[in-house]
Amino acid sequence: MTEITEHELERDNRWFIRLRWLAAAGIVVAALVAGGPLGYPIPVWDLVALGVFVAAYNVLLREAEKRLPRGEGQRYRAAMVLANVQIAADLIALAVLVHLAGGVENPFAVYFVFHTIIASTLLSRTAAFAQATLASALYAAVVFGEYYGYLSHNRIFESRGPAYTLLDVAGHVAVLGSALYATVYLTSTITQRLRQREQELAAALAEVQRQANACEIARTGLQETQAMQLHYMRRVSHELRAPLASIGMMLRVMRDGLTGDVPDKLRQTLDRAEARTETLLDLVDDLLTLSRVREAPLQEPMAEVSLPQLAEVAIDTLADIAANKHVTVSASFPPGLPPVCGQRDGLHTMLVNLLGNGIKYTPPGGSVTISAELEPSGEAVWLHVRDTGVGIAPEDIPRLFDEFYRTASARESQIHGSGLGLSIVKAIVQAHGGEVRVESEVGRGSTFSVRLPACRPAQTTSEDQPCPA
Amino acid sequence: MAKTAKVLVVDDDPDIVETLRLVLESANYEVEGAGSPEQAFKKLETFVPDIILLDVMMPDGTEGFHFVWKLRNEYPPELAQIPIVILSAIHETTKLRFYPEQTDGTYTPGEFLPVQGFIDKPAEPGTLLKRIEQVLQLWQ
């Protein structure tokens, strides 16, 4: 059973304070009527005093309720203490009432039940049992106390003769009836609130479900949009590539004199036009590669890829460029290096980009070195591409992998590039669940390090076991 | 070469066809162009080339491949055996594989597609002519 909320507890506290005014007035009126016109031998003024006493402690309770502390948990604890105090006070007042008006003869004893119901709705289970124990003890103290003569017993029925009068019976019925009605009022009010809360909860739950559905629909929509964007980008890139390739070829045909003599100035202009076309083609190729690698996680399965082999092919691909620039490219791997789990084409593109960058930003006479090592955990391999190039300024490093970002020194040195190479590297590494780091010193060179998942021996024996994505 | 070799250029881009014509005619080849596989097959009824230069990225994306298979499988030997050089950027821009990769990292051209060579677009005129000459020499 969960505990009552602070809001409910405070509301019920106030509700019971309001009801107590009725109870106090009821005691006074009942005492006056029973002792007066009905002629029961009861201590009327003691009972009136009890009614006044109840009203008096109700004033105190009301003031205490208004002055509950403001702090979160503090306020709740104080409200709980108040609820316990007011129920206990009522039980004591009721015991006094029963004692004054006939003890065991008094039908108002049924109100102990009523108060116990109040306790059960408000208090913790332990506290409610404690209140029930208090009620039983008080009633027992009154009736046994009177029986053994420790307390005086006011005879109200027996004093007038051996038999109950019609009035006595009617009085019993009226008291029991009032207790029953009060109980119904109390429990139905509480039940109604519970049902209302239940309905509110159901409504809230339905709303949450509706919002979750809306989120799911939005998410699916977003995925579709993303897929469409990628598709669109590929399409546009293809459409751009074809005419660019045409232009490039026509420029070469002109430059090579196939359309007639080429004076020097025309040749220079054609060379420039061709170089720009080449740059544009590189950009389109990079855009295509980027859109492809971003789709790749969905498409190609992972396989075992040998890093020495990958390095050999990459070095081979860029051999001419490196030779023209007089940059030495080499690779060395420790023996027993396990293969990595990856998409061969993606990893090739990644390494060619890193190696290409290294060559591009390394002055003639410099070198680019590929190396690797197994992480001590054995779960991943670090692949390093180290160059002796111009290096990267610390302020450029955070944005290095952003699309189209080119460092100031790259722009100044007029080395042409799309600014997409490292975005491609990052996208590929991410698709492999890896990470890429860079260390650099301006004027000394840079090292790019890529962490890739290693293929464990168990996975090499069975083709059915795909590498972890 | 004693007699001039004949080349059929198949490409949906008329600019490419014309540019290739310029390049090839400068080296004394006899050139015919076709803008689609259908046109190319029609041309083959009257014109038997010594080599076909073929673009893969024709409108439907892979029409060039279908052209190769159809020519190799459904035509009489004198046509089916004409060497084909694919002229396309396709293996740069898509990951369709033309070559099985060997364990030593080298490639064996032509094992997947029965063609005699690949040239990337945009091609250097000199490279293009050299490659065509190589293929023709090997084939004759």
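Values in this document were obtained by computation on a predicted structure and should not be read as measured data.

Enquirer: Requested: an account of the nonpolar core, with residues and values cited.
Expert: All names here are of chain A. If you look at the biggest cluster of nonpolar residues, it comprises 52 residues, and the most contacted ones within it are Leu9, Ile42, Leu47, Phe112, Leu122 and Leu123. Only α1 (6–35), α2 (44–66), α3 (72–100), α4 (111–122), α5 (125–147) and α6 (166–255) provide two or more residues apiece to this core. For this core, the element with the highest residue contribution is α3, accounting for 14 residues. Beyond its immediate sequence surroundings of up to four residues, Leu122 is in contact with Ile4, Leu9, Asp12, Asn13, Phe16, Met80, Ala83 and Ile87. Counting residues in each nonpolar core, the second largest holds 43 residues, with Leu287, Leu307, Val368 and Leu383 among its members.

Enquirer: Which residues make up the state of the cysteines, and what values do they have?
Expert: All names here are of chain A. Across all of its chains, the model carries 1 disulfide over all chains by this definition. Between the sulfur of Cys341 and that of Cys455 lies a disulfide, 2.4 Å long from S to S. Residues Cys341 and Cys455 share a disulfide whose torsion about the S-S bond is about 110°; that sign makes it right-handed. Of this pair, Cys341 sits in strand β3 (residues 340–342) while Cys455 is found in the loop between β7 (445–453) and α13 (457–461), placing the two residues 114 residues apart along the sequence.

Enquirer: So what about the packing of α2 of chain A against α3 of chain A? Which residues, and what values?
Expert: Residues and elements named next belong to chain A. Their axes nearest at 10 Å, the elements α2 and α3 cross at an angle of 180°. Taken together, the axis directions place α2 and α3 in an arrangement best described as roughly antiparallel. Of the residues in α3, those touching α2 at Asp46, Leu47, Leu50, Val54, Tyr57, Leu61, Ala64 and Glu65 are Leu82, Val85, Gln86, Ala89, Asp90, Ala93, Val96, Leu97 and Leu100. Class assignment of the residues belonging to the contact of α2 with α3 gives a composition of 13 nonpolar, 1 polar and 3 charged.

Enquirer: Please set out the sheet that holds strand β3 (residues 51–54) of chain B residue by residue, giving values where relevant.
Expert: Residues and elements named next belong to chain B. With parallel pairing, the 5 strands of this open sheet are ordered in space as β2-β1-β3-β4-β5. Strands at the two margins of the open sheet, each flanked by one partner only, are β2 (30–34) and β5 (117–119). Here the average twist between neighbouring strands, direction ignored, is 20°. Where β3 and strand β4 (residues 84–87) come together, 3 bridges link them in parallel fashion. The partner of Leu53 across the bridge, within β4, is Val85. Relative to β3, helix α3 (residues 63–74) is tilted by about 155°, and along the sheet it contacts β3 and β4. In the packing of helix α6 (residues 125–139) onto the sheet, the strands contacted are β3, β4 and β5, and the crossing angle to β3 comes to about 140°.

Enquirer: How would you sum up the packing of α3 of chain A against α5 of chain A? Please name residues and give values.
Expert: Residues and elements named next belong to chain A. Contact geometry for α3 and α5: axes closest at 10 Å, N-to-C directions at 15°. Considering their axes alone, α3 and α5 lie roughly parallel with respect to each other. In the crossing of α3 with α5, the sense of the turn from one axis to the other is right-handed. Contact with α3, carried on its side by Asn84, Ile87, Ala88, Leu91, Ile92, Ala95, Val98 and His99, involves Ala127, Gln131, Leu134, Ala135, Leu138, Tyr139, Val142 and Glu146 of α5 and no other residues of that element. Residues of the contact of α3 with α5, tallied by class, amount to 12 nonpolar, 3 polar and 1 charged.

Enquirer: Summarise the environment of Ala78 of chain A; cite the residues concerned and give the values.
Expert: Residues and elements named next belong to chain A. Here Ala78 is to be found in helix α3. Assessed through its relative accessible area of 21%, Ala78 is described here as partly exposed. Here the alpha-carbon distance between Ala78 and Arg67, two residues 11 residues apart in the chain, equals 9.8 Å. Setting aside its immediate chain neighbours within four residues, Ala78 contacts Leu68 and Pro69.

Enquirer: Outline a nonpolar patch on the surface, listing residues and values.
Expert: Residue and element names in this part refer to chain A. Residues Phe144, Tyr147, Tyr148, Tyr150 and Leu151 make up a contiguous nonpolar surface patch of roughly 690 Å² in combined accessible area. In this structure, Leu151 sits in the loop between α5 and α6. The exposure class of Leu151 is partly exposed, given its relative accessible area of 34%.

Enquirer: Please provide a residue-by-residue account of the confidence of the model for chain A, values included.
Expert: All names here are of chain A. Mean pLDDT over chain A: 85, with 94% of residues reaching 70 or higher. At the low end of the mean pLDDT range in chain A sits α13, at 48; at the high end sits strand β5 (residues 380–387), at 94. Note that residues 458–466 has pLDDT below 50 and, in this model, 9 contacts with residues that lie over four places away or in other chains.

Enquirer: Can you lay out the sheet that holds strand β6 (residues 435–441) of chain A for me, pointing to particular residues and giving the numbers?
Expert: Residues and elements named next belong to chain A. On the basis of which strands lie adjacent, the open sheet formed by 5 strands has the order β2-β4-β5-β7-β6 and mixed pairing. Each edge of the open sheet is held by one strand with a lone partner, namely β2 (328–332) and β6. Averaged over all adjacent pairs, the angle separating strand axes in this sheet is 15°, with direction ignored. With 7 bridges connecting them, β6 and β7 associate as antiparallel partners. Residue pairing across strands places Arg437 opposite Ser449, the latter belonging to β7. On the sheet, helix α10 (residues 344–360) packs against β2, β4 (367–374), β5 and β7 and is oriented at approximately 25° with respect to β5.

Enquirer: If you had to explain the pattern of salt bridges to someone new, which residues and values would you point to?
Expert: Opposite charge on two side chains permits pairing when their charged atoms draw close. Applying the stated criterion to the full structure yields 24 salt bridges over all chains. Put simply, Arg11 of chain A and Asp12 of chain A hold a salt bridge, and the shortest N to O gap is 3.9 Å. The salt bridge partner of Arg444 of chain A is Glu441 of chain A, with a shortest N-O separation of 3.7 Å. The exposure class of Arg444 of chain A is exposed, given its relative accessible area of 59%. Several salt bridges share partner residues, and in doing so they unite Arg252, Arg255, Asp256, Glu274 and Glu278 of chain A together with Glu124 of chain B into one network.

Enquirer: Got a sec to walk through the environment of Gly445 of chain A? Specific residues and values, please.
Expert: Looking at the element boundaries, Gly445 of chain A is found in strand β7. Setting aside chain neighbours within four positions, we find Gly445 of chain A in contact with Asp387, Thr388, Gly389, Gly391, Glu439 and Ser440 of chain A.

Conventions we followed
- Residues numbered from 1 in each chain as written.
- Chains lettered and ligands numbered in written order.
- Predicted model: local features only at pLDDT ≥ 70, side-chain atom pairs only at ≥ 80, totals over all residues.
- Heavy atoms only, no water.
- Core = buried A, V, L, I, M, F, W, Y, C linked by side-chain atoms within 4.5 Å.
- Buried < 20%, exposed > 50% of the residue type's maximum accessible area, 1.4 Å probe, protein only.
- Helix = DSSP H or I, 4+ residues; strand = E, 2+ residues; numbered from the N terminus.
- Contact = heavy atoms within 4.5 Å.
- Disulfide = S-S within 2.5 Å.
- Axes fitted to C-alpha atoms, helices over the stretch in contact; angles between N-to-C directions.
- Parallel < 35°, antiparallel > 145°, perpendicular 65-115°, else oblique.
- Nonpolar A, V, L, I, M, F, W, Y, C, P; charged D, E, K, R; others polar.
- Pairing = 2+ DSSP bridges.
- Left-handed = near helix turned anticlockwise from the far one by under 90°.
- Patch = residues over 30% accessible without salt bridge, like charges linked within 9 Å, V, L, I, M, F, W, Y side chains within 5 Å.
- Areas by Shrake-Rupley, 256 points an atom, 1.4 Å probe, with all protein chains shown as cover.
- Salt bridge = Lys/Arg side-chain N within 4 Å of Asp/Glu carboxyl O.
- pLDDT = per-residue confidence, 0-100.

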